[in-house]
Amino acid sequence: MPTYAAVLSLAPSPGSPKADEATAARELAARAKHLDTRIVVGLGATDDGRLTVQVEASNEAEARTLVDQLSSTGSLELRAVHPDSSQELWDAVKAGDSLLPGFVPYEHHYTHRDGTSGTTPLFLSKRAVIRGQHVQRAEPVADQEGVILVHLDHEGADAMRRATESLELGRDRIAVLFNDEVVSAPVVQGTLGGQFVIQGLRDAERLPLCAALLSPYTANLKLESLKPLAPEAPKP
């Protein structure tokens, strides 16, 4: 199978110290392990803020997908949804005729089972109930399509319990955001604690999302270039 070489540049994540190549290489190796992907990581020149990652792929598109999965920052947030997220209120807020202090507008883009797409307007709280650092474990649910199970640490479980205790069950919703995009916004049916599920994912998204949550990066990784390597000459 062909081998491709990707050059990744490092930039510090907000609130993190200067990006360090050796640390990023270790984090990449951990991410690759979660993805069950074999990689070879090479450090660039001293302090040049770059890494070279070799991946095996059948073509360039597959290689680019693998590198995207390896380098995704994987930011997770859960936020309360305003009980009135109607199209009428959305239009009024967009037109400047109404204000919702403490909430910001988002759009939830989704795909129906029949393959058609849809969009729902939402107003989400500016304050996150849960963030990615509260995730202790995340895993695809084997017998449920498009679902992953997320386990929280004690701090996250307490925050989730306090947040959902104040909601009106069967009516109020909590939105799940990954990389600042709404993945789902389910109605809360009961008080939640140390675990919850994320639904509505494509099966191909489940493992990369779990890997991103379990092996976060201290730096943002950006793909600079991707090219195939010449095959090794056969040994005599």
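Remember, it's a predicted structure, so these values are computed and weren't measured experimentally.

What counts, and where the lines are drawn
Residue positions within a chain follow its written sequence, with the count starting from 1. Owing to the predicted nature of the model, reporting of local features is limited to residues with pLDDT of at least 70; listing and counting of side-chain atom pairs is limited to 80 or more, with chain, interface and lining totals taken over all residues. Side-chain metrics rest on all non-hydrogen atoms present in the structure, leaving aside hydrogens and water. Think of it this way: any DSSP run of H or I at least four residues long counts as a helix, any run of E at least two long counts as a strand, and we number them from the N terminus. To estimate how far a helix should extend, the number of its residues minus one is multiplied by 1.5 Å. Three labels apply to residues, based on accessible area from a 1.4 Å probe with only protein chains included: buried if under 20% of the type maximum, exposed if over 50%, partly exposed otherwise in between. Contacts are assigned to residue pairs with any non-hydrogen atoms lying within 4.5 Å of each other. With a 1 Å grid laid over protein atoms only, a set of points is called a cavity when a 1.4 Å probe fits there but cannot get out and a pocket when it is open yet has protein on both sides within 12 Å along at least five of seven lines; lining residues have an atom within 4 Å of a point. Grid points are joined across faces, edges and corners, and a volume is the space filled by probe spheres set on the points. Classification used: nonpolar for Ala, Val, Leu, Ile, Met, Phe, Trp, Tyr, Cys and Pro, charged for Asp, Glu, Lys and Arg, polar for all others including Gly. A side-chain nitrogen of Lys or Arg and a carboxyl oxygen of Asp or Glu constitute a salt bridge if their distance falls within 4 Å. Axis angles are defined between N-to-C directions and span 0 to 180 degrees, where every axis is a line fitted to C-alpha atoms and, for a helix, only to the segment in contact. Handedness of each helix crossing follows the sense of rotation of the near helix against the far helix: counterclockwise by less than a right angle gives left-handed, clockwise gives right-handed. Here, strands pair whenever DSSP counts at least two bridges between them. Values of pLDDT, ranging from 0 to 100, describe the predictor's confidence in every residue of the model.

Chemist: Help me understand helix α5 (residues 203-214) in this model?
Modeler: Here α5 contains 12 residues, and its C-alpha end-to-end distance of 18 Å stays within 8% of the 16 Å for a straight helix at 1.5 Å per residue. All of the buried residues along α5 are Arg-206, Pro-208, Leu-209, Cys-210, Ala-211, Ala-212 and Leu-213. Each element contacted by the buried residues of α5 is listed here: α1 (21-35), α2 (60-71), β4 (76-81), β7 (135-140), β8 (148-152) and β9 (173-178).

Chemist: I would appreciate a short explanation of the layout of surface pockets in the present structure.
Modeler: Estimated volume of the largest pocket: approximately 1400 Å³. Around the largest pocket sit 45 residues that line it, and Val-183, Gln-199, Gly-200, Leu-201 and Arg-202 are the ones nearest its centre. Sorting the residues of the lining of the largest pocket by element identifies α2, β5 (103-111), β9, β10 (181-184), β11 (195-198) and α5 as the ones contributing at least two each. In this structure, the second largest pocket encloses a volume near 300 Å³. Surrounding the second largest pocket, 14 residues form its lining, Thr-73, Gly-74, Ser-75, Leu-76 and Pro-216 being those nearest its centre. Among the elements of the structure, β4 and α5 are those that each provide at least two residues to the lining of the second largest pocket. A per-class count over the lining of the second largest pocket returns five nonpolar, seven polar and two charged.

Chemist: Sorry, what's going on with the pattern of salt bridges here?
Modeler: Opposite charge on two side chains permits pairing when their charged atoms draw close. Under the counting rule described, the total for this entry stands at nine salt bridges. Across the pair Glu-224 and Arg-50 runs a salt bridge, and its minimum N-O distance is 2.9 Å. In this pair, Glu-224 is assigned in strand β12 (residues 219-228) and Arg-50 in strand β3 (residues 50-56), connecting sequence segments 174 residues apart. Judged by its relative accessible area of 41%, Glu-224 falls in the partly exposed class. Taking relative accessible area as the criterion, Arg-50 reaches 34% and is therefore assigned partly exposed. With a closest N to O distance of 3.1 Å, Asp-158 and Arg-161 form a salt bridge. Here Asp-158 and its partner Arg-161 are both found in helix α4 (residues 154-165), three residues apart, which amounts to about one turn of the helix. One connected set of salt bridges, linked through shared partners, spans Glu-77, Arg-79 and Arg-131.

Chemist: Can you help me understand the packing of α1 against α5 in this one?
Modeler: When two helices pack together, you describe them by how their axes are tilted relative to each other and by the distance separating the axes. Their axes nearest at 9 Å, the elements α1 and α5 cross at an angle of 145°. Note that α1 runs across α5; the crossing there is right-handed. The residues of α5 that touch α1, namely those facing Arg-31, His-34 and Leu-35, are Leu-207, Pro-208, Ala-211, Ala-212 and Leu-214. When grouped by side-chain class, the residues that make up the contact of α1 with α5 number six nonpolar, one polar and one charged.

Chemist: Whenever I open this one, the sheet that holds β8 confuses me. Can you help?
Modeler: Adjacent strands of a sheet pair through backbone hydrogen bonds, lying either parallel or antiparallel. Strand order across the open sheet formed by three strands is β7-β8-β11, with antiparallel pairing between neighbours. For this open sheet the edge positions go to β7 and β11, each flanked by a neighbour on one side alone. Ignoring strand direction, the axes of neighbouring strands in this sheet form an average angle of 20°. Where α5 meets the sheet, it contacts β7 and β8, and its direction lies at approximately 165° from that of β7.

Chemist: So what exactly am I meant to see when it comes to the sheet that holds β4 here?
Modeler: Ordered in space as β5-β6-β4-β9-β10, the five strands form an open sheet in which the pairing is antiparallel. Looking along the sheet, the strands with just one partner apiece sit at the ends: β5 and β10. Taken pair by pair, the neighbouring strands of this sheet meet at an average axis angle of 50°, ignoring direction. The pairing of β9 with β10 spans three bridges and is antiparallel. Within the sheet, the bridge partner assigned to Leu-177 lies in β10 and is Val-182. Against the sheet, helix α3 (residues 87-94) touches β5 and β6 (117-131), its axis set at about 70° to β6. Its contacts with the sheet place α4 against β4, β6 and β9, and it is angled at close to 120° to β6.

Chemist: I'm lost on the confidence of the model for the chain in this one. Help?
Modeler: Per-residue confidence for the chain gives a mean pLDDT of 86; residues scoring 70 or more make up 93%. Taking the mean pLDDT of every element in the chain, the minimum, 83, falls on α5 and the maximum, 93, on α4.

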